[in-house]
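# Residue-level structural notes
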Amino acid sequence: MKKIKQLNLFSHSALAIAAFAGTTQFAMAHTRLETATVAENTRITNNVIISHGCGEENVIGTSVVFPDGVDSTILVDGNPHTGSLTDFVQNWGNLMQQNFSTAVFSSQDEKTDSLGNVVGFWAGGGNSLPHTLNGYIPFRAGAVVIEPTSCAKSVKFYISIADICEITDTAGFSEATVNLWTHNNLGTAYDRVSTTDDGPASYIVTRTSALPTSCGATGVEVEVKPSAAQINRDMPIKFNGTQVWPK
Amino acid sequence: MPCVSKMKTIKLAALMVLLGCVNLSKAHEAGTVMDSGGTVAGFTGYALVTCYDNGNGPADHLLASVRDLSKPQDGLLVNLQVIKGNRAISTTDAVSGDASYSPEVKIHGGNGSYLLLVNKTKAGARSFAVSYHCITASDTHTGTDIAVQQFE
């Protein structure tokens, strides 16, 4: 009797594992950063991790955009902040620099704003990334300095990413052509179709300095989201000056 | 400076030249042309240099200097100011077009963001270079990054 119970338990466990690990397609991982949380004043090497394709379609490129902090939306404990990002971060801008790598794609480049500061990057071309495998796109995340006079205990930056499986125009975006790890509510053609705003990868910088006494014991959580204008400007991929995605 | 000629705007030129196009002898030396049209007396370049511990130790201070690469012009000199917290310092390249930088200035601000301003004494195009290095208390070079905030 005991043996039968053990067999039943094994069978149920195996079924459960099979259901979660392989035979269902429900829990597809989002594209995220390898290191999502870092202490302020710390530079790290990081990776965008592409974890799957568009259904059965391989990934042929990726486009990554960091909020520029210029016209970004800033939330403080979930409430809109009308001041600037410098109220909480001293040095945001040009901190994310792409590392050269042809491990996944053959071409890559950084995207810059009008002052030449890096606001994103792309990688693509060469062999496609098999839809069942992970792809690591490396970059250097520079040291972020939280304004010491602020009450910020952490600052979360939302990073918008498009994993491209087929080059189309924006009208051709679908689950078979692109995975949009973007906000669902900016009103751009790049918005993720989702009921929840869980698309972008997050990068959280945590404070190491003491909070001013006026902040109390807990401080505030700051979030930074890109504007629609920035997404429309910076999400497209340009190669040698010509836009190649979207068509 | 062929890479400069490819730039569509002077703003774009600013960081690209600052960060990569000019083949200066070592990292953290950078330059470009300000007031290329020669009409903006108040032209100001504004950048943030972040000092941090890259494994060599926390920064104790920032060393900086500026070099005017253009031919001498009467009354036209390039100046660099560095600000961190409640400290500030400035330096001027008194001899334009020679091989020397201005006197090096040091500001003790530890880790964090240092404001660098570059300007000049009157209207006129100036090709210039800035040297900026975050240094530990034991005189070792440590983490140094830059972002341009303004170039106009």
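Right above here is the structure, for reference.
Presented here is an overview of the structure given in this document. (Residues numbered from 1 in each chain as written. Chains lettered and ligands numbered in written order. Predicted model: local features only at pLDDT ≥ 70, side-chain atom pairs only at ≥ 80, totals over all residues.)

This brings us to the overall build of chain B. From N to C terminus, chain B includes 2 helices and 9 strands. Traced from its N-terminal end to its C-terminal end, chain B shows the element sequence α-α-β-β-β-β-β-β-β-β-β. When the 152 residues of chain B are sorted by exposure, 41% land in the buried category. Long-range pairs, those at least 24 residues apart, make up 72% of the contacts in chain B with a sequence separation of at least 6. (Helix = DSSP H or I, 4+ residues; strand = E, 2+ residues; numbered from the N terminus. Buried ≥ 20, exposed ≤ 12 C-beta atoms within 10 Å, placed from the backbone. Contact = placed C-beta atoms within 7 Å.)

Each helix and strand in chain A was counted, giving 2 helices and 16 strands. Every one of the 247 residues in chain A was classed for burial, and the buried ones make up 40%. Within chain A, counting contacts between residues at least 6 apart in sequence, those at least 24 apart form 70% of the total.

Before going further, it helps to spend a moment on the pairing of strand β11 (residues 152-164) of chain A. Residue and element names in this part refer to chain A. Taking burial as the measure, the 13 residues of β11 include 10 buried ones, the bulk of the element. As paired elements, β11 and strand β14 (residues 220-225) share 5 bridges and run parallel to each other. Note on β14: the bridge partner recorded for Ala152 is Val220. Sheet analysis places β11 next to strand β13 (residues 201-206), joined by 6 bridges and oriented antiparallel. Its bridge partner being in β13, Val155 is matched across the sheet by Val205. (Pairing = 2+ DSSP bridges.)

Contacts between the two partners involve 15 residues from chain A and, on the opposite side, 18 residues from chain B. Across the side of chain A that touches chain B, the residue classes break down as 4 nonpolar, 10 polar and 1 charged. (Nonpolar A, V, L, I, M, F, W, Y, C, P; charged D, E, K, R; others polar.)

Next up on the list: the nonpolar core. By size, the foremost hydrophobic cluster in this structure holds 86 residues, and its most contacted members are Val155(A), Val49(B), Leu116(B) and Val130(B). The greatest single-element share of this core, amounting to 8 residues, is contributed by β11(A). Sequence-distant contacts of Val49(B), that is, excluding residues within four places in its chain, are made with Leu62(B), Tyr114(B), Leu116(B), Tyr132(B), Thr144(B) and Ile146(B). (Core = buried A, V, L, I, M, F, W, Y, C linked by C-beta atoms within 7 Å.)

Residue and element names in this part refer to chain A. A sheet is described by the order of its strands in space; here 4 strands give the open sequence β1-β3-β10-β7, paired in antiparallel fashion. Taken across any chain shown, the strands that pair with only one partner, and hence form the sheet edges, are β1 (32-33) and β7 (96-98). One ladder, built from 3 bridges, connects β7 with strand β10 (residues 135-141); its direction is antiparallel. Bridging from a neighbouring strand, Gln98 pairs with Phe139 of β10.

Moving on: the environment of Gly216(A). Residue and element names in this part refer to chain A. Looking at the secondary structure, you find Gly216 in the loop between β13 and β14. Residue class for Gly216 comes out exposed when judged on the 10 C-beta atoms lying within 10 Å of it. With 65 residues separating them in the primary sequence, Gly216 and Cys151 have C-alpha atoms 8.5 Å apart.

The next point concerns the sheet that holds strand β1 (residues 29-34) of chain B. Residue and element names in this part refer to chain B. Ordered in space as β1-β8-β3-β6, the 4 strands form an open sheet in which the pairing is antiparallel. The open sheet has two edge strands, β1 and β6 (105-107), and neither has a second partner. Each neighbouring strand pair of the sheet contributes to a mean axis angle of 25°, computed without reference to strand direction. In this structure, strand β3 (residues 59-68) lies alongside β6, joined through 3 bridges in antiparallel fashion. Bridge pairing links Ala64 to Val105 in β6. (Axes fitted to C-alpha atoms, helices over the stretch in contact; angles between N-to-C directions.)

Once that is clear, we can look at the environment of Ile44(A). All names here are of chain A. Mapping Ile44 onto the fold places it in strand β3 (residues 44-50). The partly exposed category is assigned to Ile44, around which 14 C-beta atoms lie within 10 Å. Residues Ile44 and Met96 lie 52 residues apart in sequence; the distance between their C-alpha atoms is 9.9 Å. Not counting residues within four places of it along the chain, the set of residues in contact with Ile44 comprises Thr35, Val38 and Ala141.

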